[in-house]
Every structure is written in C-alpha cells, then in structure tokens.
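Fold and contact review
Each chain, written out:
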Number of protein chains: 2
Amino acid sequence: MKKTIAIDMDGVIADVEKQFLNWYERDFGIKMVKADIAGKGEDDAFPEKGIVRKFATTPGFFTTLPVMEGAIEAVQELMKDYEVYIVSAAMEFPLSLSEKLEWLKLHFPFISWRNIIFCGDKSIINTDFMIDDHIKNLDYFKGHPIMFHAFHNTGYTHHTRVHDWQEVLTLLKSRG
Amino acid sequence: MKKTIAIDMDGVIADVEKQFLNWYERDFGIKMVKADIAGKGEDDAFPEKGIVRKFATTPGFFTTLPVMEGAIEAVQELMKDYEVYIVSAAMEFPLSLSEKLEWLKLHFPFISWRNIIFCGDKSIINTDFMIDDHIKNLDYFKGHPIMFHAFHNTGYTHHTRVHDWQEVLTLLKSRG
C-alpha cells in the first residue's frame, strides 16, 4: 500500500504570499517584497492590521491565487509513489470552500475529489506525511511533519524545513 | 484528553431518507414509506433509476434536509464527554459544500467550524469512533465503527448497528 501525504493549499501549492504582496501594491500603491514580511505573523505582516484577513475574505481571492512554483509537476511526481491528499483549512472562511475547489479543478485536475479534504483544524488527519506551512497544524500531527517555508514560520526550527518543491521531492524521494 | 467521534451528516444527523421520500411524492405523486425502500441501494431505491442522485444535485436539497430525530440533543449530550467532529463526504457534489455548512450553522450552531470536515473518501480520518451509515466509510476505519441504520445498509451485519440517536447515547455512555 502506498504511503500517504496530506498537502496543504495556502502557502504550499498556492502562493498566498505573492497574492498578498500583489494586492497590497494594487490597493495601497506600495511595492513590498517577500523579504519585507519575513519573520512577521499574518496579522502584522503589513502596516494595516487585519489586511491579510480582509484580503482572504474578499470574493475571488482564492480563485485567483498563483500556483506555487514547481508545485504542479512535483505533486504529479509524488503521486507515482504516494497517495496524495489535499488537506486545506477552509471552514473559517466559508466563501473559500467553492473557490478552493474551483482552483483545484483548474490547476490540479488530476487530483480526484476523493482525495480532497476541507477542514477546520487538522488534528484528526491521519497520513504518513504532512506538508504544511503552519506549525499549529504540524505540531499536533502524528506522522512525519514537513514545514514548507513561509514568511510567518521563519522563526521556527523544530520541524524539517523545505524551501521549495524541489526540496520536497529530494526529501520524499529518499524516504518513499 | 477527550475521546473523539466523527459523525456523518447524510443519513445520520440529516434525514436524507425522509427528504427522498417527500421529494419523490412531490415529483411523482406516489407516496412511499421507509419500509418500501428498505434493503435497496441508493441507485435502485425508487423505480426511476438515478433519481436519488438527481435529487442530491438539485440546489436546495441539502439546505432543506430535515434533522434526524433526536440528533441535536444527542450530539449536545455527547459533546460533554467527547470531542465531536462532523465529517461529511461532500466533494462529489460541489454545490453541497456551502449548503451543508449553512445547514450546520442553522441546526447545529454549537459546533465550531474547527470541528467540521468535508472530504472525499474518509480513509485518512483518525478518531476513536465513527458514526456513519455507509459501510464504505466504516469498513476502512481504524477506530470503533458504529453503523447508523439506513435503508441501504439493512443487509450488513458486520458492524455494531444503532437504530436511532437514543441507541447511540446508550452505547457511547457505556464506553466513554
């Protein structure tokens, strides 16, 4: 039986960080780059408090997210050796449910609806590996956690960090 | 730490069977009762093949489902001793995602969004108990499966069967 991987969406296969920076420049006329928000939390990444949450609750935010570089090819590669599940925390923002499903169908049409999970917290998800950018999900995971690099997790060192999808492949190809 | 229960929606806390029978009478003018479809599969429950699937893909089907008798009080009672998660297979019918969330907010407002999971298959759900009417979910579950009585599962005897929510409480109160 294939080993299983739970792969997060936002910050892992969907580049929310790029979208935040693009929308911030569009709305406030200030160009910021990834280095400007590195090490900050989602709530204080930008001078305007709550702007990240405001963006995430705007219709169209999730349907227009850029795909994380290399994610499509890497997920296809992993599916040869692993049973891949997309596990996304979507319940906090009800609008995101249909938008996320639409986005997956557009960019990852090779992932079956059987392998998609939208949840609140991820504490009852049981897979061999979890690739996620949030330590709140990784900390309570019972399998092997893999922390995908993101601006808000730069200060944490207690999980195996991967910086991009090439590093995910290198890591998992050696463990499969 | 509280033990965990995954509770299904359709056929467990939502009375889809009653809705099928009501809609069938409304659309075809034929009054059928639960005994008429007992032991049949979802595909051949009614003379018209595929009508169950057609109902389930009709806008408003999931928002207007009757609550299963006794479910609200029983879930509230269980929440005193267990961490309760609502785990529903919703991905096959994308429209159902927002409808199911709306229905839960209306009838089960005391369940946090953190404890709601919409999935494709349920194979990576890891709780101590699962209450579900479908053997395809119960058969691969690693915890204690509890089969909620439904017309389509009357022929199966390999899981502990409960006929109503009072039986769920009696069973789980003795095991908590």
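Residues numbered from 1 in each chain as written. Chains lettered and ligands numbered in written order. Predicted model: local features only at pLDDT ≥ 70, side-chain atom pairs only at ≥ 80, totals over all residues. Heavy atoms only, no water.

**Considerations on the relation of the copies chain B and chain A**
The operation relating the pair of chain copies consists of a rotation about an axis and a translation along that axis. For clarity, the threshold we go by: In superposing the copies, a least-squares fit is computed on C-alpha atoms, taking residues whose pLDDT is at least 70 in both. A contact between two residues is defined here by any heavy atoms of the two lying within 4.5 Å.
Taken as rigid bodies, chain B and chain A are interconverted by a rotation of 180 degrees and an axial shift of 0.0 Å, the fit giving an RMSD of 0.0 Å. The two molecules are tied by a two-fold rotation axis, judged by turn and shift. Interface overlap between copies is the fraction of interface residues in one copy that are interface residues in the other; for chain B against chain A it reaches 100%, indicating a shared surface.

**Quick notes on the pattern of salt bridges**
All names here are of chain B. Quick reminder of the rule: Counted as salt bridges are all cases of a side-chain nitrogen of Lys or Arg within 4 Å of a carboxyl oxygen of Asp or Glu. Burial status follows relative accessibility: with a 1.4 Å probe on protein chains alone, a residue under 20% of its type maximum counts as buried, one over 50% as exposed, and anything between as partly exposed. Each helix corresponds to a stretch of at least 4 residues labelled H or I by DSSP, and each strand to a stretch of at least 2 residues labelled E; elements are numbered beginning at the N terminus.
Going through the model one piece at a time under the given rule, you end up with 20 salt bridges over all chains. In this structure, lysine 80 engages glutamate 77 in a salt bridge whose closest nitrogen and oxygen atoms are separated by 3.0 Å. Taking the relative accessible area as the measure of exposure, lysine 80 reaches 55% and is therefore exposed. Among the salt bridges present, the one from lysine 173 reaches aspartate 81, with a minimum N-O distance of 2.9 Å. Placement of the pair is lysine 173 in helix H7 (residues 165-173) and aspartate 81 in the loop between helix H4 (71-78) and strand S2 (82-89), with a sequence separation of 92 residues. Residue lysine 173 is classed as partly exposed on the basis of its relative accessible area of 42%.

**Quick look at the sheet that holds strand S3 (residues 116-119) of chain A**
Stated formally: Two strands pair if DSSP finds at least two bridges between them. In this analysis, axes come from line fits to C-alpha atoms, helices being fitted only over the stretch in contact, and the angle between any two N-to-C directions falls in the range 0 to 180 degrees.
The 12 strands are arranged S6(A)-S5(A)-S4(A)-S1(A)-S2(A)-S3(A)-S3(B)-S2(B)-S1(B)-S4(B)-S5(B)-S6(B) in an open sheet whose pairing can be described as mixed. Each edge of the sheet is formed by a strand with only one pairing partner; in this case those strands are strand S6 (160-162) of chain A together with strand S6 (160-162) of chain B. With strand direction ignored, the average angle separating the axes of adjacent strands in the sheet is 25 degrees. Where strand S1 (residues 3-7) of chain B meets strand S4 (residues 129-132) of chain B, three bridges bridge the pair, whose relative direction is parallel. Paired with Ala6(B) across the strands is Met130(B), a residue of S4(B). Contacting strand S1 (3-7) and strand S2 (82-89) of chain A, helix H4 (residues 71-81) of chain A crosses the sheet at an angle of about 130 degrees to S2(A).

**What about the nonpolar core?**
As a reminder of what qualifies: Nonpolar cores are built from buried Ala, Val, Leu, Ile, Met, Phe, Trp, Tyr and Cys residues. Side-chain atoms within 4.5 Å join them into one set.
Grouped together as the largest cluster of nonpolar side chains are 102 residues, with contacts concentrated most on Ile13(A), Trp165(A), Ile13(B) and Trp165(B). Ranked by size, the runner-up nonpolar core spans 24 residues in total, among them Met130(A), Ile135(A), Cys119(B) and Met130(B).

**What about the layout of surface pockets?**
Empty space among the atoms becomes visible once a probe the size of a water molecule is rolled across them. Selection criterion: The way it works is a 1 Å grid over only the protein atoms, where trapped points that fit a 1.4 Å probe form a cavity and open points with protein on both sides within 12 Å along at least five of seven lines form a pocket, and then any residue with an atom within 4 Å of a point lines it. Grid points are joined across faces, edges and corners, and a volume is the space filled by probe spheres set on the points. As a working rule, the residues Ala, Val, Leu, Ile, Met, Phe, Trp, Tyr, Cys and Pro are called nonpolar, Asp, Glu, Lys and Arg charged, and the rest polar, with Gly in that last group. Annotation comment: domain bounds sourced from an automatic or database domain assignment.
Within this model, the largest pocket holds a volume of roughly 1,200 Å³. Considering the residues around the largest pocket, the lining is formed by 42 residues, among which Ala89(B), Gly120(B), Asp121(B), Lys136(B) and Asn137(B) are closest to the centre. Contributing elements (two or more residues each) for the lining of the largest pocket: S2 of chain A together with helix H1 (16-28), helix H3 (51-56), S2 and helix H6 (135-138) of chain B. Taken together, the residues of the lining of the largest pocket sort by class into 15 nonpolar, 11 polar and 16 charged. The wall of the second largest pocket is formed by 34 residues, among which Glu42(A), Glu92(A), Phe93(A), His134(A) and Lys136(A) lie closest to the centre. Among the secondary structure elements, those contributing two or more residues to the lining of the second largest pocket are helix H1 (16-28), helix H3 (51-56), S2 and helix H6 (135-138) of chain A. A per-class count over the lining of the second largest pocket returns 13 nonpolar, eight polar and 13 charged. Counting contributing residues, the lining of the second largest pocket receives three or more from each of domain 1 (3-15 + 67-173) and domain 2 (16-56) of chain A.

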